[in-house]
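# Tertiary structure, described
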Amino acid sequence: MFALEVKGINKKYEHFELKDVSFELKKGYIMGFIGANGAGKTTTLKSILNMIHVESGIVKVFEQNFIANEIEMKQKIGYAFGGTDFYTRSRVKKVTSVIKNFYTNWDDETYKNYLKKFEINENKKIIELSAGMRVKYNLAIALSHGAKLLILDEPTSGLDPVARDNLLDIFQELVEDGEMSILFSTHITSDLEKCADYITYLNEGQIINSCEKDAFIDTYLLLNGSEKQLETVKNKLISYKTNSFGFTGLMLAKDYDPSIGIKSAVPNLEEIMIYYSKKENKYV
Amino acid sequence: MYNLLIKELKLAVSPLFYILPFLTGALMLIPGWLYFIVPMYFLWITIPNVYGAYNTQNDIVFSVLMPVTKKDIVKSKVVVIVLLELLHLVIAFIFGLISTHLYPNMYYIFFSPTLGFWGLSFVMMALFNIIFIPLYFKTAQKYGLPLIYGVVATLVFAAGAEWLGIVNTTVYNIFKGAGTDNALLQSGLLIGGIVLFAIVSFIAYNMGTKRFEKVNV
């Protein structure tokens, strides 16, 4: 069963466009939504949540059309938008007392347990919580109203490595029983290497690839060779960088011919992102 | 809608703005003053503060993420404006009654706090609502120009009404002359003002809803 299906989202702005964005998230898994700043990650997430009017496209949550059942669907979704905090001058207690009324399945007991677990002091103002704590507070809210899908926009941005690692551990714990699904966007690729099951890569408003993490990485190869060798593979490379020793370039694994004798290695997510964005720059 | 209204009253509107009507209402005790200014303080102080706070506290994103319709978001915000306007007018009305008892023989250049005057105040608030609400919900973010247009319109209305009260015999008679003793006429003016306020605010809400539906948050 799919927790989330996004099909053919198109949205045009004056200087930016989402082009036929489609991907699927299976129930019980974590999907990392990666892309450079300005690639359209937030726009896509906002389109999914009907905060932005799209020209075309369908979003299904647990196999139901999101827009047609928006209120019901929102009861099942938890959110955190990194860097966007609400009512920061109010105390946690007060904000929760308002939010809980919106949710039919709100469970006070669960909420108290998560506050304890995340060590959130209810009497603090939101502004007094650290960035990591604020994400955890959003998670506590989502889990207390029985959300089954978490949509998180850059939840790890601005967190120190310890807080990030801690948060990623929590994500993994949450999906353990197979009921919770998480879609989170980030440009910090090491987060995904730690905890994502699936990767969806967005570049310049277009989905480049969306599949299992290992399959995603296996799609590409990083080539290292001399300047002379570069000429023989130049056309097949997604992009490349030259240095005093020769070149380093990214290639689709299916285009690689081992007989040409160029050294190849498995790239990491960061390298895939860097070389793809370099490809765009080539034409600028 | 009820939950959104509670959110507005508990989180969005600072408690100061529930006290402000008492402070501005007390201005009715200034003898022979230009009393149209009293309800105007709501437009000059409360509206920019509340709508500025919506932006700084990311209220629109917060509201849209809740399991509610966009229509209910507009409704709750319009209800809050209307409730606060009523609070300002009712409290000012009470201070107005005290004022007329304190100074029974006062000579008024501008309108005295008669029922007819309060009817005009309702019309003034209606005028603000029909301008501010639809213009604000075009973006659900920019409140500066909608506020300026709304305030300028109320200033023109108040200045025009006061001017007519001075130069036009009929208007003078209704609001300052023999008409002030005509309870039926005065009540009619007040009820007429309230009915117009209700109808116009409802139209403003409908226009706001239509525009907010198209907004990308």
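Residues numbered from 1 in each chain as written. Chains lettered and ligands numbered in written order. Predicted model: local features only at pLDDT ≥ 70, side-chain atom pairs only at ≥ 80, totals over all residues.

Per an unreviewed UniProt entry, chain B is named ABC-2 transporter permease, and its organism is Fusibacter bizertensis.

The name recorded for chain A in an unreviewed UniProt entry is ABC transporter ATP-binding protein, from Fusibacter bizertensis.

### Thoughts on the overall build of chain B
Definition in use: Here a helix means four or more residues in a row that DSSP labels H or I, a strand means two or more in a row labelled E, and each is numbered from the N terminus. Radius of gyration: C-alpha atoms only; globule rule: 2.2 Å multiplied by the number of residues to the exponent 0.38. Each residue gets a C-beta atom placed from its backbone, and two residues are in contact if those atoms lie within 7 Å.
Within chain B one finds nine helices and zero strands. Each helix (α) and strand (β) of chain B, taken in turn from the N terminus, gives the series α-α-α-α-α-α-α-α-α. Computed over the C-alpha atoms, the radius of gyration of chain B is 18 Å, within 12% of the 17 Å expected from 2.2 N^0.38 for a compact globule of 217 residues. Oriented by its inertia axes, the alpha-carbon framework of chain B measures out at about 55 × 30 × 25 Å. Long-range pairs, those at least 24 residues apart, make up 83% of the contacts in chain B between residues at least 6 apart in sequence.

### Focus on the environment of V135 of chain A
Residue and element names in this part refer to chain A. Heads up, the condition is: Residues are called buried when their C-beta atom has 20 or more other C-beta atoms within 10 Å, exposed when it has 12 or fewer, and partly exposed otherwise; all C-beta atoms are positioned from the backbone.
Secondary-structure assignment places V135 in helix α5 (residues 131-144). Residue V135 is classed as buried on the basis of its C-beta count, with 27 C-beta atoms lying within 10 Å. Spatially, the C-alpha atoms of V135 and F81 are 8.3 Å apart, while their sequence positions differ by 54 residues.

### Structural notes on the UniProt feature "domain: ABC transporter" (unreviewed entry) in chain A
For clarity, the threshold we go by: UniProt positions are given in the numbering used here, feature names are shortened, and annotations may be inferred rather than shown by experiment.
The positions that UniProt labels "domain: ABC transporter" (unreviewed entry) are, in the present scheme, residues 1-229 of chain A. As annotated, residues 1-229 of chain A comprises 33% helix and 30% strand, and the C-alpha atoms at either end are separated by 47 Å.

### Observations regarding the UniProt feature "transmembrane region" (unreviewed entry) in chain B
All names here are of chain B. Under the feature "transmembrane region" (unreviewed entry), the UniProt entry names residues 16-38, 78-103, 115-137, 144-164 and 184-205. Here residues 115-137 runs as 96% helix and 0% strand, with 33 Å between its end C-alpha atoms. Note that residues 184-205 is 100% helix and 0% strand, and that its end C-alpha atoms are spaced 31 Å apart.

### So, the packing of helix α6 (residues 115-136) of chain B against helix α7 (residues 144-167) of chain B
Residues and elements named next belong to chain B. For clarity, the cut-off: In this description, a line fitted to the C-alpha atoms serves as the axis of each element, helices being fitted only across the stretch in contact, and the angle between N-to-C directions of two axes falls anywhere from 0 to 180 degrees. For this classification, under 35 degrees means roughly parallel, over 145 means roughly antiparallel, 65 to 115 means roughly perpendicular, and everything else is oblique. Left-handed describes a crossing whose near helix is turned anticlockwise from the far helix through less than a right angle; right-handed describes the clockwise counterpart. Throughout this entry, Asp, Glu, Lys and Arg are counted as charged residues, while Ala, Val, Leu, Ile, Met, Phe, Trp, Tyr, Cys and Pro are counted as nonpolar. The remaining residues, Gly among them, count as polar.
Axis separation between α6 and α7 bottoms out at 8 Å; the angle between their running directions is 160°. What the angle tells us is that α6 and α7 run roughly antiparallel. Both α6 and α7 take part in a crossing whose hand is right-handed. Contacts between α6 and α7 involve L120, M124, L127, F128, I131, F132, L135 and Y136 from the former and L145, P146, L147, Y149, G150, A153, T154, F157, A158 and A161 from the latter. Here the contact of α6 with α7 is composed, by residue class, of 16 nonpolar, two polar and no charged.

### A closer look at the interface of chain A and chain B
Chain A puts 18 residues into the contact, and the matching count from chain B is 18 residues. Elements that contribute at least two residues to the side of chain A that touches chain B include exactly α2 (70-74) and α3 (92-99) of chain A. Broken down by element, the side of chain A that touches chain B gets its largest block of residues, three residues, from α3 of chain A.

### Quick look at the sheet that holds strand β14 (residues 263-265) of chain A
Residue and element names in this part refer to chain A. Going by this rule: Any two strands with at least two DSSP bridges between them are considered paired.
Ordered by their spatial adjacency, four strands build an open sheet running β12-β13-β11-β14, and the pairing between neighbours is antiparallel. In the strand order of this sheet, the two ends are held by β12 (237-243) and β14, each with one partner. Across the sheet, the mean angle from the axis of one strand to that of its neighbour is 20°, orientation sign disregarded. Of the pairings in the sheet, the one linking β12 to strand β13 (residues 246-252) comprises six bridges and is antiparallel in character. Residue pairing for β13: K241 is matched across the bridge by T248.

### Details of the packing of helix α5 (residues 70-102) of chain B against helix α9 (residues 183-213) of chain B
All names here are of chain B. Interhelical geometry of α5 versus α9 gives an angle of 145° and a closest axis separation of 9 Å. Relative to α9, α5 is oriented so that their crossing is right-handed. Counted together, K70, K71, I73, V74, K75, V78 and V82 of α5 and S201, A204, Y205, G208, T209, F212 and E213 of α9 form the full contact between these two elements. Class assignment for the residues of the contact of α5 with α9 results in seven nonpolar, three polar and four charged.

### Regarding unusual backbone geometry
In most cases, non-glycine residues show a negative phi, while peptide bonds are predominantly trans. All names here are of chain A. In this structure, E63 is a non-glycine residue whose phi angle is positive, near 70°. Looking at the element boundaries, E63 is found in the loop between β4 (56-61) and β5 (64-65). In this structure E63 comes out as exposed when scored by C-beta crowding, with 11 C-beta atoms within 10 Å. Phi angles above zero are rare outside glycine, and E154 is one such case at about 45°. Relative to the helices and strands, E154 resides in the loop between β7 (149-153) and α6 (161-175). Given 24 C-beta atoms within 10 Å, E154 falls into the buried group.

### With respect to α9 of chain B
All names here are of chain B. Note the cut-off: A helix's residues, less one, multiplied by 1.5 Å, set its expected span.
Relative to the 45 Å expected for 31 residues at 1.5 Å per residue, α9 spans 45 Å between its end C-alpha atoms, a close match to the ideal helical length. Within the sequence span of α9, burial applies to Q186, L189, L190, G193, F197, S201, A204, Y205, G208, T209 and F212. Of the surrounding elements, those touching the buried residues of α9 are α5 and α6.

### As for helix α1 (residues 41-48) of chain A
Burial analysis of α1 of chain A places eight of its eight residues in the buried class, which makes it a mostly covered element. At the C-terminal side of α1 of chain A, N50 of chain A shows a positive phi close to 60°.

### Points about the pairing of strand β8 (residues 181-186) of chain A
Residue and element names in this part refer to chain A. Put simply, the rule is: Every crossover in which the path from the first strand over the helix to the second runs clockwise, viewed with the strands pointing away from the viewer, is termed right-handed.
Across the six residues that make up β8, a large majority, six, are buried. Residues S181, L183 and S185 point to one face of β8 and I182, F184 and T186 to the other, with burial holding for every one of them. Summarising the sheet, strand β3 (residues 30-34) and β8 pair through five bridges and their orientation is parallel. Within the sheet, the bridge partner assigned to I30 lies in β8 and is I182. In terms of strand pairing, β7 meets β8 through five bridges, oriented parallel. The residue bridging L150 from the neighbouring strand is I182, located in β8. The handedness of the β7 to β8 crossover, carried by α6, is right-handed.

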